[in-house]
Amino acid sequence: MLKKVLFVNLMILLVFAGASYWMEVGHGLRQTAAEISPEAQEEHAEETEADEGEGEEQEKQADNGGDTDGQEGQDDYIRWVDFLVSEFAMSEAYEYDRDTYGTDAHIGWIDLLAWTAAHTGGSFDDDREVMNLFTELEEEIGRGKALEKLTADLKYFPYYKEAYTAVLGGMVGEFEIEEAKEDGDGKKEWVKKYGLKAFHPIAKGFPYSDYDDFGVSRSYGYERSHLGHDMMGQTGTPIIAVESGYVEALGWNQYGGWRIGVRSFDKQRYYYYAHLRQGFPYQPELKEGSVVLAGDVIGYMGHTGYSTTEDTNNIDTTHLHFGMQLIFDESQKDGDNEIWIDCYQIVRFLYRNRSETERNAETKEWRRIYLMKDPDAAAYERTVDFSMYP
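What comes next concerns the included structure.

Conventions used here
Residues numbered from 1 in each chain as written. Predicted model: local features only at pLDDT ≥ 70, side-chain atom pairs only at ≥ 80, totals over all residues. Heavy atoms only, no water. Helix = DSSP H or I, 4+ residues; strand = E, 2+ residues; numbered from the N terminus. Phe/Tyr/Trp six-rings, centres within 6.5 Å; stacked < 30°, edge-to-face > 60°. Buried < 20%, exposed > 50% of the residue type's maximum accessible area, 1.4 Å probe, protein only. Lys NZ or Arg CZ within 6 Å of the ring centre and 35° of its normal. Patch = residues over 30% accessible without salt bridge, like charges linked within 9 Å, V, L, I, M, F, W, Y side chains within 5 Å. Areas by Shrake-Rupley, 256 points an atom, 1.4 Å probe, with all protein chains shown as cover. Salt bridge = Lys/Arg side-chain N within 4 Å of Asp/Glu carboxyl O. Lys, Arg positive; Asp, Glu negative; His and termini not counted. Charge placed at Lys NZ, Arg CZ, Asp CG, Glu CD. Pairing = 2+ DSSP bridges. Contact = heavy atoms within 4.5 Å. Axes fitted to C-alpha atoms, helices over the stretch in contact; angles between N-to-C directions. Parallel < 35°, antiparallel > 145°, perpendicular 65-115°, else oblique. Left-handed = near helix turned anticlockwise from the far one by under 90°. Nonpolar A, V, L, I, M, F, W, Y, C, P; charged D, E, K, R; others polar. Expected span 1.5 Å × (residues − 1).

Considerations on unusual backbone geometry
Here is step 1 of the chain: The backbone of Tyr306 shows a phi angle near 55°, a positive value even though the residue is not glycine.
Here is step 2 of the chain: Structurally, the position occupied by Tyr306 is in the loop between β12 (297-300) and β13 (319-326).
Here is step 3 of the chain: Of note, the phi angle at Lys364 is positive, near 65°, even though the residue is not glycine.
Here is step 4 of the chain: Position of Lys364 relative to the elements: it lies in the loop between β15 (357-359) and β16 (366-368).

Take a look at the structure:
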């Protein structure tokens, strides 16, 4: 009996001791939490809620644009972008932009897309929701309200505006282009336009197949993700400059084979065209620094690459690897901080504008039929000595 009493008393003491211990631990944790800096508490809250509710993705991305190094005024740029805008949303926004240009009802397509993303957390999966948000903004602007006031309380509108400008900023604007005269005599005339001045990366009339393969595994050299969009077609298919810019890279790369890298004039986009044709990969006059215009033939589809030996066909399927890199700071151009986006939906959107080309029987080169004048290119060329045009 005495043993049972001692055992019960011992257990009671253990229970009280345990309770006291955890009370002290809890008090210590609360005291520690109270001492944590507001910045650390905010960071912890963001990590805890990263996958909960609408808008968490936009908060994460917007925070990546802030000053994380504690150096005020330095390193204040966007560090990551998930471009999830659908072809449908781009088409609807672009057509409204084009059709209302020069009127009081005009809204730029990037503003429409950023407005929508600020409400949806960057998602464009629901076409009906997208259209409802477009209509809401269009009606508010129609009532005379200013975009600045309408977006003043949208916390993430500035982030999406900057991010989407980096992606789409050079694709729509004023330009001049040749068109066939209506009388059908074969002559051309220059026409001033406002609208889509970017082109699909494959020339009109040339077949290809594709699917959204961004992020799939690649193993040559080392395990990595595919940071581009593959478009399968025929060897020799003319490859088109999507946007006007200057050639920043030209030559052989063991992964991309013969490749061309074109930088936009605002330096925020880098277009990468890889696996070009063996023997005759790109136009002979091209060199680093050359200015190219949107719609120009710059190269030819092939299957070079995956070799340290130049001009080697070591890829089974003929295709164009087309990539888009965003650059908010030059530190992001090369290295671990590169931002490559899924451009599949952009390619689908650009299908409406494919460059018409013709073949020179003597040189066997393909050239565009209708020339273009891009004000951005003219402004840039005044500052440099290189151009692909004599």
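We are not done yet, so read on.
Things to note about the packing of aromatic side chains
Here is step 1 of the chain: Summed over the entire model, instances satisfying the criterion amount to 19 aromatic pairs.
Here is step 2 of the chain: With 5.0 Å between their ring centres and 70° between their planes, Tyr159 and Tyr160 make a pair best called edge-to-face. For the pair Tyr159 and Tyr160, a shared accessibility class is recorded, and that class is buried.
Here is step 3 of the chain: Ring centres 5.2 Å apart and planes at 80° place the aromatic pair Trp252 and Trp258 in the edge-to-face group.
Here is step 4 of the chain: Residue Trp258 is classed as buried on the basis of its relative accessible area, which comes to 12%.
Here is step 5 of the chain: These aromatic residues form a ring-pair network of at least three members: Phe83, Phe124, Tyr159, Tyr160 and Tyr164.
Here is step 6 of the chain: Between the NZ or CZ atom of Arg277 and the centre of the ring of Tyr300, over which it lies, the distance is 4.4 Å.
Here is step 7 of the chain: Lying over the aromatic face of Trp190, Lys373 brings its terminal NZ or CZ to 4.4 Å of the ring centre.

Comments concerning a negative patch on the surface
Here is step 1 of the chain: Together, Asp125, Asp126, Asp127 and Glu129 make up a negatively charged patch on the protein surface.
Here is step 2 of the chain: Within the secondary structure layout, Asp125 lies in the loop between α5 (109-120) and α6 (127-142).
Here is step 3 of the chain: With a relative accessible area of 71%, Asp125 lands in the exposed category.

Observations concerning the pairing of strand β6 (residues 229-232)
Here is step 1 of the chain: Pairing analysis gives 2 bridges linking strand β3 (residues 209-210) to β6, with the strands arranged antiparallel. Bridged to Ser209 within β6 is Met232.
Here is step 2 of the chain: Two elements, β6 and β13, share 4 bridges in a ladder whose sense is antiparallel. Its bridge partner being in β13, Met232 is matched across the sheet by His319.

Considering the side chain of Gln325
Here is step 1 of the chain: Here Gln325 is to be found in strand β13.
Here is step 2 of the chain: Given a relative accessible area of 1%, Gln325 falls into the buried group.
Here is step 3 of the chain: With near-sequence residues (within four places) excluded, Gln325 lies in contact with Gln268, Arg269, Tyr270, Gln332, Lys333, Glu338, Ile339 and Trp340.

Some words on the sheet that holds strand β2 (residues 188-196)
Here is step 1 of the chain: Ordered by their spatial adjacency, 3 strands build an open sheet running β2-β1-β17, and the pairing between neighbours is antiparallel. The sheet terminates laterally at β2 and β17 (372-373), the two strands that pair on one side only.
Here is step 2 of the chain: Bridge analysis of strand β1 (residues 172-180) against β2 gives 9 bridges, and the strand direction is antiparallel. Opposite Glu179, over in β2, you have Glu189 as the bridge partner.
Here is step 3 of the chain: In the packing of helix α4 (residues 87-100) onto the sheet, contacts are made with β1 and β2, and the angle to β2 comes to roughly 120°.

Describing the packing of α5 against helix α8 (residues 157-168)
Any two packed helices are characterised by the angle at which their axes cross and by the distance between the axes.
Here is step 1 of the chain: The N-to-C vectors of α5 and α8 enclose an angle of 135°; their axes lie 8 Å apart at closest approach. When the axes of α5 and α8 are compared, the pair comes out oblique. Crossing handedness for the pair α5 and α8: right-handed. Residues Trp109, Ile110, Asp111, Leu113, Ala114, Trp115, Ala117 and Ala118 of α5 form the contact with α8, whose own contacting residues are Phe157, Tyr160, Lys161, Tyr164, Thr165 and Leu168.
Here is step 2 of the chain: Across the contact of α5 with α8, the residue classes tally to 11 nonpolar, 1 polar and 2 charged.

Here's the deal with α5
Here is step 1 of the chain: Between its first and last C-alpha atoms α5 spans 17 Å; for 12 residues at 1.5 Å apiece the expected length is 16 Å, and the two agree.
Here is step 2 of the chain: Counting buried positions along α5 gives 11 out of 12 residues, so the element sits mostly inside the fold.
Here is step 3 of the chain: Looking only at α5, the buried set comprises Trp109, Ile110, Asp111, Leu112, Leu113, Ala114, Trp115, Thr116, Ala117, Ala118 and Thr120.

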